[in-house]
Amino acid sequence: MMQGRPWFRMTSLFLGFAFLYIPVASLIIYSFNKSKLVTVWGGFSTRWYGELLHNGQILSAAWLSLKVATISATLAVVLGTLGGMVLARFGPFRGRTLLSGLTTAPLVMPEVITGLSLLLLFVTMEQLIGWPAGRGMTTIVISHITLTMAYVTVIVQSRLAQMDDSLEEAAMDLGARPAKVFFLITLPIIFPALMSGWLLAFTLSLDDLVITSFVAGPGSSTLPMVIFSKVRLGVSPDINALATILVTIVAIGVTIAGFTMTRQQKIKERDAQMALAANQQMIDSLKKD
Amino acid sequence: MKRWLGRWVPSGRTLVTSVPYVWLLLFFLIPFVIVLKISFSAAQIAMPPYEPLFHWASAQVLQIQLNLGNFAFLVEDNLYIKAYLNSIFVAGVSTLLCLLIGYPIAYSMARSNPSTRNILLLLVTLPFFTSFLLRVYAWIGILKNNGLINNTLMSFGLIDQPIQMLQTDFAVYVGIVYSYLPFMILPLYANLEKMDLTLLEAAADLGCKPWQGFLKITLPLSLPGVVAGCLLVFIPAVGEFVIPSLLGDPGMLMIGKVLWTEFFNNRDWPVASAVAIALLLFLVIPIMYLDRAQNAESAEGARK
């Protein structure tokens, strides 16, 4: 049954998505504006893209951000998968409440608090054990892992909660060790969730301004820090060009990932069902004997 | 399940648990203890710019100096109180606006065809993957005096003078609602999508009008989603820094901005820590509530 009035549904969806997407569309359109006054149309031009390529400060900041995002997203997926496993599969244990709280809190904690507290930790650690010496890429990576692993944990946990654990149990019954079950059964099934977790962690890291500003050293400005200092002075056309490039890359990446994931998901689910059905047949035939 | 767990070698299980656990304790919980400690110390011009709390006066005497001055300062100077109250007010109004705008969207998504639903869901999640900073930046171009809205209105002759929108509270509300709307829509959608529609059919068969059905059945059943969405918007919005500093009036008092200024401009780490602790104390209860709500949700998912 499709209840409700169609016109209401169409209008609210149309207005809602217009609100979400018009600002991004305006960024892209004005990036091709010849005029330096970003929002006054002066003809089509790609000159701002050219200028972007000659802006050494932006290029080196972008390179640093890409390195940080790749490393921290990868480590966040490893830690977040472990965290999601523990929360979804290990049942109640002492300290579970604290672990679940420590996973939820970074998701909503105002970034100024997280940033300040991490900086003070790094300063204290340096005084006590001499590591990390100074602040720079290492401290940024550690902070980004802490922020983004929470998102990965939530994604993995909810994926595991939906997943039928009878395949894992079957493998266990057939004598596979837990580690083997994890790598041969669980990991391939939840792999699409890990992919989207990685993508999300990567973009969050690439985008983070506040925490990074606290924990970055003098010589390590990331892309959002450079953008923020420019944008504070007003709109500037090369930032529009940069935004367009980033949005395009992300849109292509997410769309491809989305399609392959849904396809793989379907194949995997079918395989899993076939395996279960075969198993059932075997059990039935054994019973008959 | 138990049988499965029973085969875990205790050491392996402990090892798997301890890796994320130790990481979060070290890099998320312990830092707050340090913030608390530094909020009780006095500022000094050095690196790091605060006095130590513990101090060996002689070989046997350990002096502990607790400086309550930072917290007294927060209470005495009404700038901080005003900033706290204003942040809570702005976050509260933005949360309400997000709910009013997000609910119809989530509702319409949940009642669409299953095939359209996945595309709509992708469209709502896509903004998560695009830069938050750049999406806020886009609003500068839209709201400023010679920006998109003012130019359009003026070219149609509807106004003679541009309306001042950038650097007003209005711009901050637009920015927060725009940035946090997906956080409201997603939990609402997840809740509304699961709803058993036969309840509404039954109500309709018994003579219930559609709007009564909505008020008496859909709305109460969706309350968990409403609560989760509101917390996901409200908690981070209270400490928001980027949006008020890019879109708001430079004099607008928001606690996130105050903390930032104390730290980066005044280099007063102890007062910045005291501001953080005071904000944290206010947020602990909603955060715990959110965690409980999420656990209840995932436990329900696991039972299915």
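What you see is a predicted model; the values in this text were computed from it and never measured.

### Some details on the overall build of chain B
Along its length, chain B carries 14 helices and two strands. Whereas a compact globule of 304 residues would reach a radius of gyration of roughly 19 Å, chain B reaches 25 Å, over 25% beyond that. Here the C-alpha coordinates of chain B stretch approximately 85 × 75 × 35 Å along the principal axes. Counting the 304 residues in chain B, one finds 41% classified as buried. Considering only contacts within chain B whose residues lie at least 6 apart along the sequence, 71% involve residues at least 24 apart.

### Remarks on the overall build of chain A
Assigned secondary structure in chain A consists of 11 helices and zero strands. Ordering the α and β elements of chain A from the N terminus gives α-α-α-α-α-α-α-α-α-α-α. For chain A, whose C-alpha radius of gyration is 24 Å, the value lies well above the compact-globule estimate of 19 Å for 289 residues. When the backbone C-alpha atoms are referred to their principal axes, chain A occupies close to 85 × 65 × 35 Å. Here chain A holds 289 residues, and 44% of them are scored as buried. Contacts in chain A between residues far apart in sequence, at least 24 positions, make up 77% of those at least 6 positions apart.

### Structural notes on the confidence of the model for chain A
Mean pLDDT over chain A: 86, with 96% of residues reaching 70 or higher. Here helix α11 (residues 237–288) of chain A is the element of chain A with the lowest mean pLDDT, 78, and helix α9 (residues 210–215) of chain A is the one with the highest, 94.

### What about the environment of L64 of chain A?
All names here are of chain A. Inspection of the secondary structure assignment puts L64 in helix α3 (residues 56–89). Taking the C-beta count within 10 Å as the criterion, L64 has 21 such neighbours and is therefore assigned buried. Considered as a pair, L64 and S205 are 141 residues apart in the sequence and their alpha carbons are 11 Å apart. Ignoring anything within four residues of it in the chain, the contact list for L64 reads S220 and T222.

### A look at the interface of chain B and chain A
Facing the 84 residues of chain B at the interface are 76 residues of chain A. Here the element with the most residues in the side of chain B that touches chain A is helix α2 (residues 10–39) of chain B; it accounts for 18 residues.

### What to know about the packing of helix α7 (residues 166–173) of chain A against helix α8 (residues 178–207) of chain A
Residues and elements named next belong to chain A. For the pair α7 and α8, interaxial distance at closest approach is 10 Å and the crossing angle is 145 degrees. Our pair here, α7 against α8, has a crossing hand that is right-handed. Contacts between α7 and α8 involve L167, E168, A171 and M172 from the first element and V181, I185 and T186 from the second. A per-class count over the contact of α7 with α8 returns five nonpolar, one polar and one charged.

### A word on the nonpolar core
Of all hydrophobic cores here, the largest spans 156 residues; its most connected members are L116 and A201 of chain A together with W139, L259 and V275 of chain B. Among all residues touching W139 of chain B, those that are not within four sequence positions of it are P23 of chain A together with A171, V174, G175, Y178 and L247 of chain B.

### A word on the environment of L98 of chain A
Relative to the assigned elements, L98 of chain A resides in helix α4 (residues 96–108). For the pair L98 of chain A and N279 of chain A, spaced 181 residues apart in sequence, the C-alpha to C-alpha distance is 39 Å.

### Topic: the confidence of the model for chain B
Looking at chain B as a whole, its pLDDT mean stands at 85, while 92% of the residues score no less than 70. Of the two predicted TM-score estimates for the complex, the pTM is 0.87 and the ipTM is 0.86.

### With respect to unusual backbone geometry
P132 of chain A follows W131 of chain A through a cis peptide bond whose omega is -5 degrees. Despite not being glycine, Q167 of chain B has its phi angle at roughly 65 degrees, a positive value. Following the sequence through the fold, Q167 of chain B ends up in the loop between α7 (148–155) and α8 (169–194). A residue is classified by how many C-beta atoms lie within 10 Å of it, and Q167 of chain B, with 19 of them, is partly exposed. In this structure, R267 of chain B takes a positive phi of about 50 degrees despite not being glycine. Among the structural elements, R267 of chain B can be located in the loop between α13 (255–265) and α14 (269–303). On the neighbour-count criterion, R267 of chain B (12 C-beta atoms within 10 Å) is exposed.

### Concerning the environment of D271 of chain A
All names here are of chain A. On the secondary structure map, D271 appears in helix α11. Residue D271 is classed as partly exposed on the basis of its C-beta count, with 13 C-beta atoms lying within 10 Å. Sequence-wise, D271 and H144 are 127 residues apart; in three dimensions their C-alpha atoms are separated by 36 Å.

Analysis parameters
Residues numbered from 1 in each chain as written. Chains lettered and ligands numbered in written order. Predicted model: local features only at pLDDT ≥ 70, side-chain atom pairs only at ≥ 80, totals over all residues. Helix = DSSP H or I, 4+ residues; strand = E, 2+ residues; numbered from the N terminus. Rg over C-alpha atoms; globule rule 2.2 N^0.38 Å. Buried ≥ 20, exposed ≤ 12 C-beta atoms within 10 Å, placed from the backbone. Contact = placed C-beta atoms within 7 Å. pLDDT = per-residue confidence, 0-100. Axes fitted to C-alpha atoms, helices over the stretch in contact; angles between N-to-C directions. Left-handed = near helix turned anticlockwise from the far one by under 90°. Nonpolar A, V, L, I, M, F, W, Y, C, P; charged D, E, K, R; others polar. Core = buried A, V, L, I, M, F, W, Y, C linked by C-beta atoms within 7 Å.

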